[in-house]
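# Working through the structure, step by step
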There are 2 protein chains.
Amino acid sequence: MSAALDFYFDFSSPYGYMMDEQIDAVAERFGRAVRRRPILLGAVFKHTGSQPLPSVPLKGPYSRHDLERTARFLALPYRLPDAFPISTHRAARAFYWLEAQDAGLARRFTQQVLRAYFIDNRDISQEEVLTACAATLGVDAAALGEAMAAEAMKTRLRTECDAALARGVFGSPFVIIDDEPFWGVDRLPQIELWLERGGF
Amino acid sequence: MSAALDFYFDFSSPYGYMMDEQIDAVAERFGRAVRRRPILLGAVFKHTGSQPLPSVPLKGPYSRHDLERTARFLALPYRLPDAFPISTHRAARAFYWLEAQDAGLARRFTQQVLRAYFIDNRDISQEEVLTACAATLGVDAAALGEAMAAEAMKTRLRTECDAALARGVFGSPFVIIDDEPFWGVDRLPQIELWLERGGF
């Protein structure tokens, strides 16, 4: 199997959720694994001077409409959560803590959390929502709660955000195959061709 | 034939050029005509607080790379012009002047000008480059030169930019089918499905 491809996302990114639902199957068809890297878009946007999509005039209303249409186009369930956008540092720290134990567990946690937010309208900024998601995967709630507040995990997440920025990541979803960067769920057709041909 | 679809673009938009090369064939397959509406992105960006892509940190370098890759993906010739971005008010005014005489002529002029810029690296902010493009289509250079400076055409272009903003247009390319808005050349697959099914 060739090197894993890197998939950067923010847990509050709707297009990131749509990528999460599709990227494993695409990668697997070409013998690749997926290495997830949750980041905080807020930290990244400071460097690019970007605003969260919903708050941009004209672009905000369009994006809400485009998200629903794109979800239908991709045949994915989706609704814009009532609490949006939200802070996702707890979810991201939980991810890295779980990943250190079991990468597959962290992947399943990601899917649970994104679906809880974008399908079931649960506020995933809340610790108890995250521990409930993890509990369905057999993760101890108290241990996860401690990990989300631990200094080591705060540092870890900061390090990951800095590393993402250093690789040029400025949005979510953002996929890097070897050194080739792809921004946006609408780049999936190019990602597939790239994996199929080893570049084009 | 159903109502024409509206295609908004700025003459200096590379993704706009890529849309221009494809939209007629797509529309024609579904019995639709294309009504081109050149606009000035600078005027639009004032309302959204957006910056031209090339000047945004991280996003700028990525977009230059993505443009080349997307052109290869779409099998279109393309190079980033040496003079980029440029002012396109002359090209847009020329378009509306030509369109008032012959919509087909304005369409061919658009293609000539976009190809001169994005394939042949000619500076289409210059009057003489635009009149040379038009001359190959049999348009009188002196008359076109006058039109590009005429008060009536300045007003016309401002009116068109205001009308675009009023419809929610905030970028290039931007396609509106009936009342359904699509931003970006990467929305072509959704545009095709929309035309095929009359919505989805």
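In this convention, every chain numbers its residues from 1, walking through the sequence in written order. Both sets of labels track the order of writing: A upward for chains, 1 upward for ligands. At least 70 in pLDDT is required for a residue's local features to be given in this predicted model, at least 80 for side-chain atom pairs to be given and counted, and no such filter applies to totals for whole chains, interfaces and linings, which use all residues. Heavy atoms throughout the structure, all of them, feed into the side-chain values; hydrogens and water do not.

## Some details on the packing of helix H4 (residues 59-73) of chain A against helix H10 (residues 188-197) of chain B
Throughout, an axis means a line fitted to C-alpha atoms (over the contacting stretch in the case of helices), and angles, computed between N-to-C directions, take values from 0 to 180 degrees. Strands are runs of DSSP state E lasting at least 2 residues, helices are runs of H or I lasting at least 4, and numbering of each runs from the N terminus. For the pair H4(A) and H10(B), the least separation of the axes is 11 Å and the interaxial angle reads 75 degrees. Comparing the axis directions of H4(A) and H10(B) gives the class roughly perpendicular. Residues A:Asp66, A:Arg69, A:Thr70, A:Arg72 and A:Phe73 of H4(A) touch H10(B), and the partners they reach there are B:Pro189, B:Gln190, B:Leu193 and B:Trp194. Classifying every residue of the contact of H4(A) with H10(B) gives four nonpolar, two polar and three charged. Reported orientations rely on four angle classes, namely roughly parallel under 35 degrees, roughly antiparallel over 145, roughly perpendicular from 65 to 115, and oblique for the rest. Two residues qualify as a contact provided that any one of their heavy atoms is within 4.5 Å of a heavy atom in the partner residue. The classification used treats Ala, Val, Leu, Ile, Met, Phe, Trp, Tyr, Cys and Pro as nonpolar, Asp, Glu, Lys and Arg as charged, and all other residues, Gly among them, as polar.

## What to know about unusual backbone geometry
All names here are of chain A. Residues Phe84 and Pro85 are joined by a peptide bond in cis, for which omega reads -10 degrees. Here Pro85 shows up in the loop between H4 and helix H5 (89-101). Phi angles above zero are rare outside glycine, and Asn121 is one such case at about 60 degrees. Mapped onto the secondary structure, Asn121 falls in the loop between helix H6 (103-118) and helix H7 (127-135).

## Describing the packing of H6(A) against H7(A)
A pair of packed helices is characterised by two quantities: the angle between their axes and the separation of those axes. Residues and elements named next belong to chain A. Direction vectors running N to C along H6 and H7 enclose 130 degrees, while the axes themselves pass 9 Å from each other. The angle between H6 and H7 places the two elements in the oblique class. Our pair here, H6 against H7, has a crossing hand that is right-handed. Here Phe109, Gln112, Val113 and Ala116 of H6 lie close against H7, whose contacting residues are Leu130, Cys133 and Ala134. Left-handed describes a crossing whose near helix is turned anticlockwise from the far helix through less than a right angle; right-handed describes the clockwise counterpart.

## What about the relation of the copies chain A and chain B?
Turning chain A through 180 degrees and shifting it by 0.0 Å along the axis lays it on chain B, with an RMSD of 0.0 Å. On the angle and the small slide along the axis, the relation comes out as a two-fold axis. Measuring from the rotation axis to each C-alpha of chain A, the shortest distance belongs to A:Asp186, at 3.2 Å. Mapped onto chain B, 100% of the interface residues of chain A are again interface residues, and the two copies thus contact each other with one and the same surface. Least squares is the method used to superpose the copies, on C-alpha atoms of residues holding a pLDDT of at least 70 in both.

Shape descriptors only; they carry no functional weight alone.
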